[in-house]
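Secondary and tertiary structure notes
Given next are the chains, with one letter for each unit.
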Amino acid sequence: MTTRAKIIPIGIPKGGTGKSTFCELLSVEAAHRGSKVLLIDCDSETENTTIFVENRAELNETLAKEGKGGVPELDCISCGFDQESIVSDILRTHAKDYDYIFIDNHPKADRVFRRLCTISDLLILPIEYTDKSFDTLPKVVSMLEDIDASIKANDPNVPDDYQIPTLMVLNKVLTVRAKAIEEAKSLIKGFDERLLIAKTILPSRTIYQQTSRGLTVSDTLEHKKAALEVKALFTEIVKLLAE
């Protein structure tokens, strides 16, 4: 286990981009690689991430009663929309006990989420492959600039040119034609050169959203191509964190 968990918030100032699904997919893939994983659910309304982890735990209990092997366990806590102490709680209480901490954002928890981003190792920005999502790019850049400013204001040792490490991931892609993907990446780069775009894209697959049992494609391997896509994305993230 590392001396401090790698903290990875997942969020963008738009609903429906797949933030919770990303948390589920990446956390399970990390767990399958032998890592101890904590998820933080900032959505106190739907609690999708919390429910996913609870369903996973119930499944393990059922499998144990049947004498069958289970799936890698995950832990989860809910921070709600206004938990002022969440940053110190993570650093003092949780960071030393895990390898990875994934944070699922919610628009109403934006203030808490931005505070969490100030202690992150890598911010994941899932963006749908649609014009409507691309229209939110100015808000994304503004959010990143605000986070940078907060980090510099709280730590005088941070260089003036510091920028929070980010990785933008094209999600729910309906077409995987190389030309269309390159055009989308050029559009994103046109807003801000800082926006590093993942080589791995996640196509629009219903299998990614089928997690109600607490399982993902990394558990079931029912869709090998989807499982390989998640594996490739997580490998990209691991390499970035090692740089």
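Above this note sits the structure.
Parameters at a glance
Residues numbered from 1 in each chain as written. Predicted model: local features only at pLDDT ≥ 70, side-chain atom pairs only at ≥ 80, totals over all residues. Heavy atoms only, no water. Buried < 20%, exposed > 50% of the residue type's maximum accessible area, 1.4 Å probe, protein only. Helix = DSSP H or I, 4+ residues; strand = E, 2+ residues; numbered from the N terminus. Contact = heavy atoms within 4.5 Å. Expected span 1.5 Å × (residues − 1). Arc of directions from axis to C-beta. Core = buried A, V, L, I, M, F, W, Y, C linked by side-chain atoms within 4.5 Å.

Here we look at the pairing of strand β5 (residues 123-128)
Taking burial as the measure, the six residues of β5 include six buried ones, the bulk of the element. Judged by which residues are buried, β5 turns out to be covered on both faces: Leu-123, Leu-125 and Ile-127 on one side and Ile-124, Pro-126 and Glu-128 on the other are all buried.

Quick look at the environment of Leu-122
Along the polypeptide, Leu-122 turns up in the loop between α4 (110-117) and β5. Under the relative-accessibility criterion, Leu-122 is labelled buried at 3%. Taking the C-alpha atoms as reference, Leu-122 lies 18 Å from Arg-111; in sequence the two are 11 residues apart. Apart from residues lying up to four places away in sequence, Leu-122 is in contact with Ile-7, Ile-8, Pro-9, Pro-165, Thr-166, Leu-167, Ile-237, Leu-240 and Leu-241.

What about helix α7 (residues 178-191)?
Between the first and last C-alpha of α7 there are 21 Å, a value that for 14 residues agrees with the 20 Å anticipated at 1.5 Å per step. Those residues of α7 that sit buried are Ala-180, Ile-181, Ala-184, Lys-185 and Ile-188. Summarising the axial view, the buried residues of α7 lie within an arc of 135°, below the 170-degree limit, and thus occupy one face. Along α7, exposed side chains directed more than 90 degrees from the buried face belong to Ala-178, Lys-179, Ser-186 and Gly-190. Next to the buried residues of α7 lie β5, α5 (131-134), α6 (137-154) and β6 (166-173).

A few points about the nonpolar core
Nonpolar side chains in soluble globular proteins tend to end up buried together. Ranked by internal contacts, the top residues of the largest apolar core, which has 42 residues, are Ile-101, Leu-123, Met-168, Leu-170, Ile-188 and Leu-195. For this core, the secondary-structure elements that each account for two or more residues are β2 (37-41), α3 (86-94), β4 (100-104), α4, β5, α6, β6 and α7. Considering each element in turn, this core owes the most residues, seven residues, to α6. If near-sequence neighbours (up to four positions away) are discounted, Met-168 is found in contact with Ile-12, Leu-125, Ile-127, Leu-137, Val-140, Ile-188, Leu-195, Leu-196, Ile-197 and Ala-198.

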